[in-house]
Amino acid sequence: ALKMGISTQETFPVESFILEQIGSLLFQAGRYSLAASALQRALNTARTPSLLVLLAKVNIQDNDLPAAVQNYLTVVEDYSNETPSNAVKRDCLEQLVALSTKLKRNTDVAKFQTMLKRLPP
C-alpha cells in the first residue's frame, strides 16, 4: 500500500475491507502507528470482531495496553456487525486476563476470569 502511495490519511480507500488489509500489512511490517491509523479508519464503517482483534494486537505492539483492553472488551461485550464465535471470545478473554494482570487491575482480572469460566466450550 505504501509503495502505491496510498496513505491512511486520504479519503481513498474508504472500504473497510481494504483498510483492514492495509492495516494488517502495516502490522506485519512493524509500522504499528500507521497500522492503527488505517484500522481506526476501518472502524468508522465496520466494527467486526476480526478488525477489533487486529487493532488490539497493534495496540499491544505499540504499547498502548489500555486501548488493547478496550478493543478486546468491545469484541466480548459490544460487537455490532457480527457475532464473534465462542473461540474468539475465549481468546479475547484470555488476552484481557493477561493484559489486566500486567496493568495490575486485579478487579478486572477476577471479572474476566469469571466471564471466561462461564463461557460455553
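Residues numbered from 1 in each chain as written. Predicted model: local features only at pLDDT ≥ 70, side-chain atom pairs only at ≥ 80, totals over all residues. Heavy atoms only, no water.

Trainee: Please clarify how the overall build of the chain should be interpreted in this entry.
Mentor: Assigned secondary structure in the chain consists of six helices and zero strands. Walking the chain from its N terminus toward its C terminus, one meets helices and strands in the order α-α-α-α-α-α. Classification of the 121 residues of the chain by burial places 41% in the buried group. In the chain, of all internal contacts separated by at least 6 residues, the share reaching a separation of at least 24 is 50%. Within the structure as shown, the chain displays about 7000 Å² of accessible surface, and the carbon and sulfur contribution to it stands at 51%. (Helix = DSSP H or I, 4+ residues; strand = E, 2+ residues; numbered from the N terminus. Buried < 20%, exposed > 50% of the residue type's maximum accessible area, 1.4 Å probe, protein only. Contact = heavy atoms within 4.5 Å. Areas by Shrake-Rupley, 256 points an atom, 1.4 Å probe, with all protein chains shown as cover.)

Trainee: Could you clarify how one ought to interpret the nonpolar core in this entry?
Mentor: One broad rule of soluble globular proteins: the nonpolar side chains tend to lie buried together. Counting residues in hydrophobic clusters, the biggest one holds 32 residues, and the most contacted among them are Leu39, Tyr72, Cys92, Leu93, Leu96, Leu99 and Phe112. Going through the elements one at a time, α1 (16-28), α2 (32-43), α3 (49-61), α4 (65-77), α5 (86-102) and α6 (106-118) are the ones with two or more residues in this core. Discounting residues that sit within four places of it in the chain, leucine 39 has contacts with Leu19, Glu20, Gly23, Leu51, Leu54, Leu55 and Val58. (Core = buried A, V, L, I, M, F, W, Y, C linked by side-chain atoms within 4.5 Å.)

Trainee: Even after reading the chapter, I still don't get the packing of α1 against α3, so can you show me in this structure?
Mentor: Packed helices, taken two at a time, are described by their axes: the angle between them and the distance between them. Contact geometry of α1 with α3 gives a least axis separation of 11 Å together with a crossing angle of 30 degrees. In terms of orientation, α1 lies roughly parallel with respect to α3. Considering the relative orientation of α1 and α3, their crossing is left-handed. Contacts from Ser16, Glu20, Ser24 and Phe27 of α1 reach α3 at Ser50, Leu51, Leu54, Lys57, Val58 and Gln61. Residue composition of the contact of α1 with α3, by class: four nonpolar, four polar and two charged. (Axes fitted to C-alpha atoms, helices over the stretch in contact; angles between N-to-C directions. Parallel < 35°, antiparallel > 145°, perpendicular 65-115°, else oblique. Left-handed = near helix turned anticlockwise from the far one by under 90°. Nonpolar A, V, L, I, M, F, W, Y, C, P; charged D, E, K, R; others polar.)

Trainee: Explain α2 to me, please; I cannot follow it from the model alone.
Mentor: An α-helix turns once per 3.6 residues; consequently, residues spaced three or four apart project the same way. Taking 1.5 Å as the rise per residue, α2 with 12 residues should run 16 Å; its terminal C-alpha atoms sit 16 Å apart, in good agreement. Where α2 is concerned, the buried positions are Ala35, Ala36, Ala38, Leu39, Arg41, Ala42 and Leu43. Next to the buried residues of α2 lie α1 and α3. (Expected span 1.5 Å × (residues − 1).)

Trainee: What is the right way to read the environment of alanine 68 from this model?
Mentor: Relative to the helices and strands, alanine 68 is located in helix α4. Judged by relative accessible area, which is 0%, alanine 68 ranks as buried. When the C-alpha positions of alanine 68 and leucine 96 are compared, they lie 8.5 Å apart, and in sequence the two are 28 residues distant. When residues no more than four places from it in sequence are discounted, the contact partners of alanine 68 are Ala56, Asn59, Ile60 and Leu99.

Trainee: Could you clarify how one ought to interpret the confidence of the model for the chain in this entry?
Mentor: Note that predicted coordinates carrying low pLDDT should not be read in detail. For the chain, per-residue confidence averages 87 on the pLDDT scale, and 85% of positions sit at 70 or higher. Contacts of residues 1-5 to residues separated by more than four positions or lying in other chains number six contacts, the stretch itself having pLDDT below 50. (pLDDT = per-residue confidence, 0-100.)

Trainee: What is the right way to look at α3 in this model?
Mentor: Taking 1.5 Å of rise per residue, the 13 residues of α3 would be expected to cover 18 Å, and the 19 Å separating its terminal C-alpha atoms lies within 8% of that figure. Close packing links the buried residues of α3 with α1, α2, α4 and α5. Of the residues flanking the end of α3, it is asparagine 63, one or two places downstream, whose phi is positive at about 60 degrees.

Trainee: Teacher, can you tell me more about unusual backbone geometry here?
Mentor: Across the chain, the bulk of peptide bonds are trans and the bulk of non-glycine residues have phi less than zero. Even without being a glycine, asparagine 63 presents a positive backbone phi close to 60 degrees. Following the sequence through the fold, asparagine 63 ends up in the loop between α3 and α4.

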